[in-house]
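# Structural overview for review
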Amino acid sequence: VEGAPHDDADILIALAESGARLLLIGRRALVALGLPMLTADYDVWIHTDDIERLNAAMAPLDFVPTRSPEEARSRGRYVLEDGDHIDVMVARSQAAPDGEHLAFDDAWSRRQALAVSTSSKIHLPRLEDLISTKRWGGRPRDLMDIEALEALRRAP
Amino acid sequence: VSASHRSEEERLSPEEFARGLARIQEHFKDPKAGEDTRELAAWFLRRYPSLVERCRYVTRRTSEIARGSRIPRERLE
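## Quick word on the packing of helix α6 (residues 127-134) of chain A against helix α7 (residues 140-153) of chain A
Two packed helices can be described by the angle between their axes and the distance between those axes. Residue and element names in this part refer to chain A. Two elements in contact, α6 and α7, have axes whose closest approach is 9 Å; the angle formed by their N-to-C orientations is 170°. Here α7 runs roughly antiparallel to α6, going by the angle between their axes. Every residue of α7 that contacts α6 at Leu127, Glu128, Leu130, Ile131 and Lys134 is listed here: Asp142, Asp145, Ile146, Leu149, Glu150, Leu152 and Arg153. Looking at the contact of α6 with α7 residue by residue, the classes come out as 6 nonpolar, no polar and 6 charged.

Take a look at the structure:
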């Protein structure tokens with residue numbers, strides 16, 4: 001599915017006002033915290049019950065889900081796409097290669113909020129949990145991101 | 001550029017990744033480690049104080065770099 005590129009403001013406001021329990025993760029979360037990392041897409045982690053709510057909120061921007069909600073729940077992820085991509089993770093918990101688990105409910109209970117506009121806020125995992133999410137990928141670029149996040153975490 | 005970028009995307013073995021994590025922990029034993037990153041973040045937050053501005057900047061730069069280097073879009077996800 002290919003559409004015109006969206007303004008980031010439109011994507012962020014739609015995500016923030018979707019009503020879904022949603023955490024911004026991936027490199028956009030690093031950007032949110034002040035780290036200018038290259039990325040083309042958005043990654044979010046949502047509560048498994050909130051797929052329909054998120055899809056409905058993104059539909060006015062012409063984002064189309066690649067999987068039905070049932071299929072997304074069973075596979076643990078799907079993509080909202082319209083030229084731009086929003087990777088949506090819906091797993092109740094996720095394990096790093098070393099077996100360390102992070103549950104959505106725990107990350108959600110410790111979330112931090114960032115203003116998108118005067119009336120909208122989007123949520124991110126706390127710094128320690130965001131570092132945990134970067135361990136899931138197991139790639140060299142994830143190590144780069146972890147090092148950058150550790151630098152922020154150790155700020156005096 | 002594309003070759004080094006491709007290597008950044010390849011999944012490491014759990015042992016390789018664990019070694020990478022251990023290197024990071026070792027690096028941060030130096031109390032000054034990460035100062036450059038913190039300074040960069042402070043500049044970025046001053047230059048682009050809102051989340052929307054920061055995301056727009058990154059989207060624009062990523063698009064420019066991808067066009068210039070012919071990095072496939074999916075490798076910048």
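## Overview of the pairing of strand β2 (residues 42-46) of chain A
All names here are of chain A. Taken across its 5 residues, β2 has 5 buried, putting it largely inside the fold. Side-chain alternation along β2 places Tyr42, Val44 and Ile46 on one buried face and Asp43 and Trp45 on a second face that is also buried. Bridge count between strand β1 (residues 22-25) and β2: 4 bridges; the pairing is antiparallel. When the sheet's bridge partners are listed, Leu22 is paired in β2 with Ile46.

## Focus on α6 of chain A
Most of α6 of chain A sits out of view: 7 of its 8 residues are buried. Here α6 of chain A has its buried residues at Leu127, Asp129, Leu130, Ile131, Ser132, Thr133 and Lys134 of chain A.

## A look at the pairing of strand β8 (residues 112-115) of chain A
Residue and element names in this part refer to chain A. Note: β8 against strand β9 (residues 121-124), 4 bridges, orientation antiparallel. The residue of β9 that forms the bridge with Gln112 is Leu124. A loop of 5 residues connects β8 with β9, the two strands running antiparallel in sequence.

## Examining the confidence of the model for chain B
Residue and element names in this part refer to chain B. Looking at chain B as a whole, its pLDDT mean stands at 85, while 79% of the residues score no less than 70. Between the elements of chain B, mean pLDDT differs from a low of 56, seen in helix α1 (residues 2-9), to a high of 97, seen in helix α3 (residues 35-47). Complex prediction metrics read pTM 0.91 and ipTM 0.93.

## Quick look at the side chain of Asp43 of chain A
All names here are of chain A. Here Asp43 is to be found in strand β2. One buried charge, Asp43, has no salt-bridge partner; the nearest side chain with opposite charge is Arg77, at 5.4 Å. If sequence neighbours within four positions are ignored, Asp43 has contacts with Leu23, Leu24, Ile25, Gly26, Arg27 and Asp87.

## Structural notes on the packing of α7 of chain A against helix α2 (residues 14-27) of chain B
The interhelical angle for the contact between α7 of chain A and α2 of chain B, taken along N-to-C directions, is 25°, at an axis separation of 10 Å. One element, α7 of chain A, and the other, α2 of chain B, form an angle in the roughly parallel class. Between α7 of chain A and α2 of chain B the crossing geometry is right-handed. Seen from α7 of chain A, the contacting residues are Asp142, Leu143, Ile146, Glu147 and Glu150 of chain A; seen from α2 of chain B, they are Phe17, Gly20, Leu21, Ile24, Gln25 and His27 of chain B.

## Some points on the packing of aromatic side chains
A ring pair, where both rings are aromatic, is described by two values, the distance of the centres and the angle of the planes. Following the criterion strictly, the structure yields 8 aromatic pairs over all chains and no others. Centroid distance Trp43 of chain B to Phe44 of chain B: 6.2 Å. Interplanar angle 25°. Geometry classified as stacked. Taking relative accessible area as the criterion, Trp43 of chain B reaches 36% and is therefore assigned partly exposed. Summarising the aromatic geometry, the rings of Phe44 of chain B and Tyr48 of chain B are spaced 5.5 Å apart at their centres and angled 65° between planes, so their arrangement reads as edge-to-face. With respect to class, Phe44 of chain B is no different from Tyr48 of chain B; both count as buried. Members of the aromatic cluster, joined through ring pairs, are Trp45, Phe104, Trp108 and Trp136 of chain A. Its guanidinium or amino end placed over the ring of Tyr42 of chain A, Arg28 of chain A lies 4.2 Å from that ring's centre, counting from NZ or CZ. Directly above the ring of Trp108 of chain A sits Arg111 of chain A, whose terminal nitrogen or CZ lies 4.0 Å from the centroid.

## As for the nonpolar core
Residue and element names in this part refer to chain A. Counting 65 residues, the largest nonpolar core has Leu15, Leu54 and Ile86 as the members making the most contacts within it. A per-element tally of this core places α7 first, with 6 residues. Discounting chain neighbours no more than four positions away, the residues touching Leu15 are Leu22, Tyr42, Val44, Leu54, Met58, Ile86 and Ile122.

Criteria and thresholds
Sequence positions are assigned chain by chain, starting from 1 and proceeding in written order. Chain letters start at A and ligand numbers start at 1, both assigned in the order the entries are written. The predicted origin of the model limits local features to residues at a pLDDT of at least 70 and limits the giving and counting of side-chain atom pairs to 80 or more, whereas totals for whole chains, interfaces and linings rest on all residues. Water and hydrogen atoms were dropped before computing side-chain values, which therefore reflect all heavy atoms in the structure. The convention used is that axes are lines fitted to C-alpha atoms, helices contributing only their stretch in contact, and that angles between N-to-C directions extend from 0 to 180 degrees. Helix and strand assignments follow DSSP, with helices taken as H or I runs no shorter than four residues and strands as E runs no shorter than two, numbered in order from the N terminus. Under this scheme an angle from 65 to 115 degrees is roughly perpendicular, one under 35 degrees roughly parallel, and one over 145 degrees roughly antiparallel; angles in between are oblique. Pairs of residues are marked as contacts when any of their non-hydrogen atoms sit within 4.5 Å. For this classification, the nonpolar set comprises Ala, Val, Leu, Ile, Met, Phe, Trp, Tyr, Cys and Pro, the charged set comprises Asp, Glu, Lys and Arg, and every other residue, Gly included, is treated as polar. Each residue gets one of three labels from its accessible area relative to the maximum for its type: buried under 20%, exposed over 50%, partly exposed in between, using a 1.4 Å probe on protein chains only. Being paired, for any two strands, means DSSP has found at least two bridges between them. By definition, pLDDT measures how confident the predictor is in each residue, and it falls between 0 and 100. For the purpose of charge, His is not counted, nor are the chain termini; Lys and Arg are scored as positive and Asp and Glu as negative. Each salt bridge in this description consists of a side-chain nitrogen of Lys or Arg and a carboxyl oxygen of Asp or Glu lying within 4 Å of one another. In this scheme the crossing of two helices becomes right-handed for a clockwise turn of the near helix relative to the far one and left-handed for an anticlockwise turn of less than a right angle. Stacked, edge-to-face and tilted labels apply to pairs of Phe, Tyr and Trp rings (six-membered ring for Trp) whose centres lie within 6.5 Å, assigned for plane angles under 30 degrees, over 60, and everything in between, in that order. Counted as over-ring charges are cases with an Arg CZ or a Lys NZ within 6 Å of the ring centre that also lie within 35 degrees of the ring normal. Residues enter a nonpolar core if they are buried and are Ala, Val, Leu, Ile, Met, Phe, Trp, Tyr or Cys, with the set joined through side-chain atoms within 4.5 Å.

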